[in-house]
Amino acid sequence: MAKKTEKERKLEAALNHVNKTYKSALVLSNADEFEKAEAFSTTFTDIDDSIGCGGLPKGRVVELFGPETSGKTWLALKTVVNALSNGSELCGWLDVEQSFPYDRLIALSKNNSDIMRRLKISKNVCSAEMHLDTMEAMIRSGAMDIVVLDSTAALSPQAELDGSLQDNQMALLARMLSKSLRQILNACASTNATAIFINQVREKVGVMYGNPETTPGGRALKFYSSVRLRMELLNSADAKIIKDDKLIGGRTRVRIVKSRFGPPALEPCIIPIYYSGDPDIMEVAFTFARIGKMKVISKRKNVFKYDELTAESESLLRTAITESNMLPKLCDDCIAKAKEINIPVPVEITQYVANGYKDIASPTSEEVPAEVDENVDEVEEDPEAEDKF
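What you see is a predicted model; the values in this text were computed from it and never measured.

Asks: Just to check I follow, could you spell out the sheet that holds strand β14 (residues 298-300) for this structure?
Replies: Strands pair in a sheet through their backbones, by hydrogen bonds, and they do so in one of two ways: parallel or antiparallel. In spatial order, the strands read β14-β15-β16; together these 3 strands make up an open sheet with antiparallel pairing. The outermost strands of the open sheet, each flanked by one partner alone, are β14 and β16 (309-311). Direction aside, neighbouring strands of the sheet carry axes that sit 25° apart on average.

Here it is as structure tokens:
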């Protein structure tokens, strides 16, 4: 063991004085002893890689914000279900908006009663103070790995609930969040839990130049969040996910606005969201093949190319892959490329390949009829069989 220098002995004496005064155990660690932050995967490789730590970081505060129907709740719920499926014991959900999507939970968890039992949902109609205190208590208990608050914009302070619409109450929620987030951040760091705040967007009045968009709750959440993701549903014709002439989902643009684990991503990530929860294997494989590191499907100017197929839009290329029966080859190429660059493969693709290139959402009993042995003679029913017994 190296001998301590005079300055190190002075520092140790100062820390002992602080520990004695506050009855604590303050310890200073060397910078080379810090490890890379752990994270909960969002199940989307491009988002996890763009954040810089492999997903939504543990022990930190995360904000998901964007316009309506952009998939914020769906992405948070998918992250929670994935965490519960991979070792997390309990997760919490504060449903401030009173609109928890039970049908999507059933679809994402494959109706797994054990996963649904370990997700604790609070649907109490109460003040913002009680919701934030409940969130801090759930995190500080050490029992929860992820706690989601949906949403920050729906929080109503007690003074606002007791007052009338004519009362002029300036920045009540902003002041409350500024104080509460300091406590929540301390609790997250102590228990290594992740706090996810879902937020909406508003527009500033009278802004002539620049971006008029803002988020409710003041600026505190922006500063205390380690990761901020802005989500927006694409409105183009290619954004709709249609299966059997039925709209089952859409495509969302996810932009990493802030990340303390890497630079903000210059290019947004495009991910599919499903309204019913049933994934379309073509959309999953196509999206996975398009991410930056994969490059199984390339794009040059306005032309998309896969193998020998070319098209002027993504929808036309997906149609060409389907008509050419090249979806199994696309999945095999994705798996091979993912192993080459050492990134995880979406579970939908692995299940599709393991199931013999059959859609995981379609029943296999109708596709694979039971085999009948032609050598066995049919047995005629004896009408007097019941009388014998």
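Asks: How do you make sense of the nonpolar core when you look at a structure like this?
Replies: Across soluble globular proteins, nonpolar side chains have a tendency to be buried as a group. Among the nonpolar cores identified, the biggest contains 68 residues, and W93, L119, L229, L317, I321 and L330 are the most heavily contacted of them. Considering every element that reaches this core, the biggest residue donor is helix α3 (residues 72-85), with 8 residues. Filtering out sequence-adjacent residues up to four positions away, L317 remains in contact with F286, I297, F304, K305, Y306, L309 and A311.

Asks: Would you take a moment to explain the pattern of salt bridges for this structure?
Replies: Charged atoms that come close allow side chains of opposite charge to pair. In total, this model carries 20 salt bridges according to the counting rule given. A salt bridge links R251 to E314; its shortest N-O distance comes to 2.4 Å. Highlighted residues: R251 in strand β12 (residues 246-259) and E314 in helix α11 (residues 314-323), separated in sequence by 63 residues. Exposure class is identical for R251 and E314. Each is buried. Look at the salt bridges and you will find they share partners, linking R251, E283, R290, E314 and R318 into a network.

Asks: Could you clarify how one ought to interpret the confidence of the model for the chain in this entry?
Replies: Segments scoring low in pLDDT should not have their predicted coordinates read at a detailed level. Confidence in the prediction of the chain, expressed as mean pLDDT, is 86, and 90% of residues score 70 or more. Segment residues 362-389: pLDDT under 50, and 5 contacts once partners within four positions in sequence are set aside and those in other chains are kept.

Asks: Any chance you could explain the packing of helix α12 (residues 327-341) against helix α13 (residues 347-354) here in plain terms?
Replies: Describing two packed helices takes the angle between their axes plus the distance from one axis to the other. Where α12 contacts α13, the two axes come as close as 10 Å, and the packing angle between them is 125°. The angle between α12 and α13 places the two elements in the oblique class. Crossing angle aside, the handedness with which α12 passes α13 is left-handed. Contacts from L327, P328, C331, D332 and I335 in α12 reach I349, Y352 and V353 in α13. Residue classes in the contact of α12 with α13 are distributed as 7 nonpolar, no polar and 1 charged.

Reading guide: rules and limits
Residues numbered from 1 in each chain as written. Predicted model: local features only at pLDDT ≥ 70, side-chain atom pairs only at ≥ 80, totals over all residues. Heavy atoms only, no water. Pairing = 2+ DSSP bridges. Helix = DSSP H or I, 4+ residues; strand = E, 2+ residues; numbered from the N terminus. Axes fitted to C-alpha atoms, helices over the stretch in contact; angles between N-to-C directions. Core = buried A, V, L, I, M, F, W, Y, C linked by side-chain atoms within 4.5 Å. Buried < 20%, exposed > 50% of the residue type's maximum accessible area, 1.4 Å probe, protein only. Contact = heavy atoms within 4.5 Å. Salt bridge = Lys/Arg side-chain N within 4 Å of Asp/Glu carboxyl O. pLDDT = per-residue confidence, 0-100. Parallel < 35°, antiparallel > 145°, perpendicular 65-115°, else oblique. Left-handed = near helix turned anticlockwise from the far one by under 90°. Nonpolar A, V, L, I, M, F, W, Y, C, P; charged D, E, K, R; others polar.

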